[in-house]
Amino acid sequence: MSITANWSYPTAIKFGAGRIAELADHCKAVGMKKPLLVTDRGLSTMPITKNALDILEAAGLGRAMFAEVDPNPNDKNLEAGVKAFKDGGHDGVVAFGGGSGLDLGKAIAFMSGQTRPVWDFEDIGDWWTRANPDGIAPIVAVPTTAGTGSEVGRASVITNSETHTKKVIFHPKFLPSVTICDPELTVGMPKVITAGTGMDAFAHCLEAYCSPFYHPMSQGIALEGMRLVKEYLPRAYKDGTDIEARAHMMSAAAMGAVAFQKGLGAIHSLSHPVGAIYNTHHGMTNAVVMPPVLTFNRPAIEAKITSAAAYLGIAGGFDGFFDYVLRLREELGVPDKLSALGVGTDRIDEMSAMAIVDPTAGGNPVELTLDAAKRLFVECI
Ligand SMILES: NC(=O)c1ccc[n+]([C@@H]2O[C@H](COP(=O)([O-])OP(=O)(O)OC[C@H]3O[C@@H](n4cnc5c(N)ncnc54)[C@H](O)[C@@H]3O)[C@@H](O)[C@H]2O)c1
Ligand SMILES: [Fe+2]
């Protein structure tokens, strides 16, 4: 079976190996004449990025790139990017990369036509209605990792460089007009990034599935997303050139982001402050804190996890699922504790205070109190 398709849910998705070749066509179709390709520093010199710029240039769209993007991108990257967008007279953004390049690219397109500061559009209540919807430049997204699902998401995660907090910036028009999911682009990911991003996709599906809100569509997607990760992440990790496994992981990533419209939970609430303060990899951080959060949530999720385990072909209900998560982490070289990622115990109070007000905390099936967050951090570090 060839894994190639055109989907229009939740946006136009051009899925299949080699489909990066269509990049310029899709840019033109959404009205771009002079796009700015936004990616992170690491990717800026890689052949897949050069190829994307070649495709744009050959079609007469220029080869402008902005790559001053940190992992866990921040407001300074955003400001510089908006300046580059305006100075260059650009009319659209090709958001290219992992979550960092995608999130910053989307945010640049959004902020290119706003007058208020970015923090006014945090994902709180109806703050997004403050934005001028006509000020948002079109976005074509091209993921190069398979994890965050930002390519089909309506939010960007931007770190406030003053307060070292990760803020979710939301607007429905953050959803790219077109997304090209070409699994060949993910072949060059180092093993540790394959593992970390794959575990981010798994965390999105798992937390969405466990969140208490009513959203049966997301519930179903979350379950199948977990199955794809279970079947294909170990394969993609073992052999990075396994295109079938890479393709299914790309689907799982997009599915995780669609699913988490239902909510996330404490895995992300703990992971966000750690990432903002220690600049750790987001997905890897999620993978480390996953088992303690599962145990913490057990009283509220035991029945749900038992059903999920049955669907995934895991025997033993909640305990079986828990052991599976531990085995998966081991297989992917995920460390057992955050200390292995450079996290110390000296800032637990501060991180706990940040975790309980993180926008994801409200989706956790058991209330994440300050005390609970502290205990979880002690255990995780
Ligand atoms: N918008 C959302 O809904 C959402 C959801 C989850 C996470 N995030 C955010 O996404 C970011 C993390 O994204 P990520 O996990 O994709 O990592 P990333 O984008 O930070 O990339 C990690 C590293 O992998 C490299 N890389 C990326 N693709 C590669 C490839 N194909 N070949 C070789 N190297 C490659 C990058 O250069 C970088 O060094 C965090 O900032 C996180 O907060 C956003
Ligand atoms: Fe995530």
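Going by the structure above, here's the rest.
Computed from a prediction, not measured in an experiment: that's the story for all the values here. (Residues numbered from 1 in each chain as written. Chains lettered and ligands numbered in written order. Predicted model: local features only at pLDDT ≥ 70, side-chain atom pairs only at ≥ 80, totals over all residues. Heavy atoms only, no water.)

**A word on the packing of aromatic side chains**
Right, so step 1: Scanning the model with the defined rule gives eight aromatic pairs in all.
Right, so step 2: Each ring, one from Phe110 and one from Phe174, has its centre 4.7 Å from the other, and the planes form 70 degrees; the classification is edge-to-face. Within this pair, whereas Phe110 is found in helix 5 (residues 99-111), its partner Phe174 is found in the loop between strand 8 (165-170) and strand 9 (178-181), the two being separated by 64 residues in sequence.
Right, so step 3: With centroids separated by 6.3 Å and ring planes inclined at 55 degrees, the aromatic side chains of Phe321 and Tyr324 adopt a geometry described as tilted. (Phe/Tyr/Trp six-rings, centres within 6.5 Å; stacked < 30°, edge-to-face > 60°. Helix = DSSP H or I, 4+ residues; strand = E, 2+ residues; numbered from the N terminus.)

**Here we look at the site of ligand 1**
Right, so step 1: If you check the shell around ligand 1, you find 29 residues, and the closest are Asp40, Gly99, Ser100, Lys166 and His281.
Right, so step 2: For ligand 1, an oxygen atom lies 2.7 Å from a polar atom in the backbone of Gly99.
Right, so step 3: In the model, a nitrogen atom of ligand 1 is placed 3.5 Å from a nitrogen or oxygen of the Ser150 side chain.
Right, so step 4: Look at ligand 1: alone it shows 870 Å² of surface, and the protein chains cover 91% of it.
Right, so step 5: At the level of secondary structure, the elements contributing two or more residues to the shell around ligand 1 comprise helix 2 (41-44), helix 5, strand 7 (155-160) and helix 6 (191-210).
Right, so step 6: Of the residues in the shell around ligand 1, the class split is 11 nonpolar, 14 polar and four charged. (Near = heavy atom within 4 Å. Polar contact = N/O pair within 3.5 Å; in protein donor to acceptor, adjacent residues only side chain to side chain. Areas by Shrake-Rupley, 256 points an atom, 1.4 Å probe, with all protein chains shown as cover. Nonpolar A, V, L, I, M, F, W, Y, C, P; charged D, E, K, R; others polar.)

**Observations concerning the coordination of the iron ion (ligand 2)**
Right, so step 1: Protein coordination at the iron ion (ligand 2) comes from Asp200 (OD), His204 (NE2), His268 (NE2) and His282 (NE2), with a distance range of 2.1 to 2.2 Å.
Right, so step 2: Each of the four donor atoms bound to the iron ion (ligand 2) contributes to angles spanning 84 to 170 degrees, and the resulting shape is irregular.
Right, so step 3: You can call Asp200 buried: its relative accessible area is 2%.
Right, so step 4: For His282, a relative accessible area of 17% corresponds to the buried category. (Donors = N, O, S within 2.8 Å, 3.2 Å for Na, K, Ca; no water. Tetrahedral: all angles 85-135°; square planar, octahedral: opposite > 155°, others 65-115°. Buried < 20%, exposed > 50% of the residue type's maximum accessible area, 1.4 Å probe, protein only.)

**Looking at the environment of Ala300**
Right, so step 1: For Ala300, the location among the structural elements is in helix 10 (residues 282-312).
Right, so step 2: Exposure remark for Ala300: the relative accessible area of 43% places this residue in the partly exposed category.
Right, so step 3: When the C-alpha atoms of Ala300 and Arg227 are compared, they prove to be 22 Å apart, with 73 residues separating the residues in sequence.
Right, so step 4: When near neighbours in sequence (up to four residues on either side) are disregarded, Ala300 contacts Pro365 and Val366. (Contact = heavy atoms within 4.5 Å.)

**Some points on the packing of helix 6 against helix 8 (residues 243-259)**
Right, so step 1: It is at 8 Å that the axes of helix 6 and helix 8 come closest, and there the two elements cross at 40 degrees. Of the possible angle classes, the one that applies to helix 6 and helix 8 is oblique. Along this stretch, helix 6 crosses helix 8, giving a crossing that reads as left-handed. Judged by residue contacts, Thr194, Gly198, Ala201, His204, Cys205 and Ala208 of helix 6 engage Arg246, Met249, Ala252, Ala253, Gly256 and Ala259 from helix 8.
Right, so step 2: Of the residues that constitute the contact of helix 6 with helix 8, the class distribution is seven nonpolar, four polar and one charged. (Axes fitted to C-alpha atoms, helices over the stretch in contact; angles between N-to-C directions. Parallel < 35°, antiparallel > 145°, perpendicular 65-115°, else oblique. Left-handed = near helix turned anticlockwise from the far one by under 90°.)

**A word on the environment of Ser150**
Right, so step 1: On the secondary structure map, Ser150 appears in the loop between strand 6 (139-143) and strand 7.
Right, so step 2: Here the alpha-carbon distance between Ser150 and Ala257, two residues 107 residues apart in the chain, equals 6.8 Å.
Right, so step 3: Beyond its immediate chain neighbours, meaning those up to four positions away, Ser150 contacts Leu102, Asp103, Lys106 and Ala155.

**Considerations on the sheet that holds strand 3 (residues 36-38)**
Right, so step 1: Strands sit in the order 1-2-9-6-5-3-4 across an open sheet of seven strands; the sheet is mixed. Strands with a single pairing partner mark the edges of an open sheet, and in this sheet they are strand 1 (5-7) and strand 4 (64-66). Between one strand and the next, the sheet's axes are offset by a mean angle of 20 degrees, whatever the strand orientation.
Right, so step 2: With two bridges connecting them, strand 6 and strand 9 associate as parallel partners. (Pairing = 2+ DSSP bridges.)

Geometry only, nothing functional implied.
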